[in-house]
Amino acid sequence: MKNGLTTLRKKNMAKILTHLSKNAYSSTELSKLTGLSSTGVFTILDEMVERNMLYKTDDLESTSIGRRPILYNITRECGLICVIDFCQLKRMSLFSFGREEIFSYDFKDSIYDEAFFCELIGILTAQLCKFSIPLININIAITGAIDHDSGEFLFAPAFNDYKNFNVKRMFESAFSVPVYIKNDLKYALIAEKSFGRLGDKICNTMYLQLGLGFGSALYLNNKL
């Protein structure tokens with residue numbers, strides 16, 4: 001994101017954007033959804049409007065008496081999402097919040113070691129310098145298993161010497177934005193829940209993949 005924002009402020013903005021990416025909400029609703037104080041949310045929302053990340057609309061469906069609540073909506077220029085896929089595409093991409101891919105870099109024949117990730121960070125840094133739009137977060141899909149708290153790989157046979165470096169910390173240190181690393185099947189299930197035909201209408205879901213290997217991801221009581 002732009003200069004002048006602390007890491008905590010960036011993370012709180014990311015929390016708000018996660019909810020606004022699905023629906024427009026008022027400041028009161030966002031306070032409940034994020035667990036942030038109403039004063040804190042209002043301050044952040046005001047700053048995001050000033051940065052042209054959000055715009056306001058009236059809640060035309062509101063039945064309350066008096067002034068209609070103000071809803072906050074994401075602008076197309078709100079921010080960029082970085083997606084790094086080590087599973088099928090073998091590609092690093094930048095997307096706008098309008099889901100438009102504005103940059104991609106293929107790395108199909110690369111050796112995945114610490115030096116490779118340093119190279120990826122350099123390529124991403126060079127691309128971000130070309131845009132005035134802030135980076136919101138980084139999402140990395142892998143085969144294998146990872147400790148989500150520490151960011152350490154528990155099992156990642158595609159990566160050389162994977163136990164001796166931490167990809168999550170490397171990217172967080174370089175860009176000061178939230179970095180999410182998940183198994184590829186978990187991301188596939190998240191995508192199906194977000195954009196699939198049934199979406200959030202079902203709480204308990206299994207995503208099963210049968211191919212060269214097999215695996216599954218589960219949503220139980222709306223928890224991945």
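Please refer to the structure higher up on the page.
Computed from a prediction, not measured in an experiment: that's the story for all the values here.

Enquirer: Provide a residue-level description of the overall build of the chain, including the pertinent values.
Expert: Each helix and strand counted, the chain has six helices and 11 strands in total. The buried share among the 224 residues of the chain stands at 42%. If you sum the accessible surface of the chain, you get close to 13,100 Å²; carbon and sulfur atoms cover 51% of it.

Enquirer: Summarise unusual backbone geometry; cite the residues concerned and give the values.
Expert: For Asn52, which is not glycine, the phi torsion reads 65° and is therefore positive. Structurally, Asn52 can be placed in the loop between helix 3 (38–50) and strand 1 (54–58). The phi angle at Asp161 is positive, at roughly 55°, despite the residue not being glycine. Turning to its location among the elements, Asp161 is positioned in the loop between strand 8 (153–155) and helix 5 (167–175). The class of Asp161 is exposed, set by a relative accessible area of 53%.

Enquirer: Talk me through the packing of helix 1 (residues 7–20) against helix 3; I want residue IDs and the actual numbers.
Expert: At their nearest, the axes of helix 1 and helix 3 sit 11 Å apart, and the two run at 85° to each other. The angle between helix 1 and helix 3 falls in the class roughly perpendicular. Note on element contacts: helix 3 touches helix 1 through Ile44, Leu45, Glu47 and Met48, opposite Arg9, Asn12, Met13, Ile16 and Leu17. The residue inventory of the contact of helix 1 with helix 3, partitioned by class, reads six nonpolar, one polar and two charged.

Enquirer: Quick one: what's the story with the packing of aromatic side chains, residue by residue and with numbers?
Expert: Under the counting rule described, the total for this entry stands at 16 aromatic pairs. On the basis of an interplanar angle of 45° and a centroid distance of 5.6 Å, the ring pair of Phe117 and Phe165 is categorised as tilted. Of this pair, Phe117 sits in helix 4 (residues 114–128) while Phe165 sits in the loop between strand 8 and helix 5, and the two are 48 residues apart along the sequence. In terms of burial, Phe117 and Phe165 fall into one category: buried.

Enquirer: Please set out the environment of Phe165 residue by residue, giving values where relevant.
Expert: By relative accessible area, which is 7% here, Phe165 ends up buried. Through-space distance from the C-alpha of Phe165 to that of Phe153 is 8.6 Å; in sequence the pair is 12 residues apart. In this view, Phe165 contacts Asp113, Glu114, Phe117, Phe153, Asn160 and Met170; residues no more than four positions away in its chain are not counted.

Enquirer: Please give an account of the nonpolar core that cites residues and values.
Expert: Residues Ile84, Phe86, Phe117, Ile138, Ile140 and Phe171 are the most contacted members of the largest nonpolar core, which totals 32 residues. Taken together, the elements giving at least two residues each to this core come down to strand 3 (80–85), strand 4 (91–96), helix 4, strand 6 (135–142), helix 5 and strand 9 (179–183). Element by element, the count of residues in this core is highest for helix 4, at six residues. Grouped together as the second largest cluster of nonpolar side chains are 19 residues, Met13, Ile16, Leu36 and Val41 included.

Enquirer: Which residues make up the pattern of salt bridges, and what values go with them?
Expert: Enumeration according to the criterion identifies five salt bridges in this entry. For Arg9, the salt bridge goes to Glu47, with nearest N and O atoms at 2.4 Å. Of the two residues, Arg9 is situated in helix 1 and Glu47 in helix 3; the sequence distance between them amounts to 38 residues. You can call Glu47 buried: its relative accessible area is 18%. Among the ionic pairs, Arg91 bridges to Asp106, the shortest N-O distance being 2.7 Å. One end of the pair, Arg91, is in strand 4; the other, Asp106, is in strand 5 (residues 101–106), with 15 residues separating them in the sequence. Taking the relative accessible area as the measure of exposure, Arg91 reaches 23% and is therefore partly exposed. Each of Arg9, Glu47 and Arg51 takes part in a single network of salt bridges with overlapping partners.

About the cut-offs
Residues numbered from 1 in each chain as written. Predicted model: local features only at pLDDT ≥ 70, side-chain atom pairs only at ≥ 80, totals over all residues. Heavy atoms only, no water. Helix = DSSP H or I, 4+ residues; strand = E, 2+ residues; numbered from the N terminus. Buried < 20%, exposed > 50% of the residue type's maximum accessible area, 1.4 Å probe, protein only. Areas by Shrake-Rupley, 256 points an atom, 1.4 Å probe, with all protein chains shown as cover. Axes fitted to C-alpha atoms, helices over the stretch in contact; angles between N-to-C directions. Parallel < 35°, antiparallel > 145°, perpendicular 65-115°, else oblique. Contact = heavy atoms within 4.5 Å. Nonpolar A, V, L, I, M, F, W, Y, C, P; charged D, E, K, R; others polar. Phe/Tyr/Trp six-rings, centres within 6.5 Å; stacked < 30°, edge-to-face > 60°. Core = buried A, V, L, I, M, F, W, Y, C linked by side-chain atoms within 4.5 Å. Salt bridge = Lys/Arg side-chain N within 4 Å of Asp/Glu carboxyl O.

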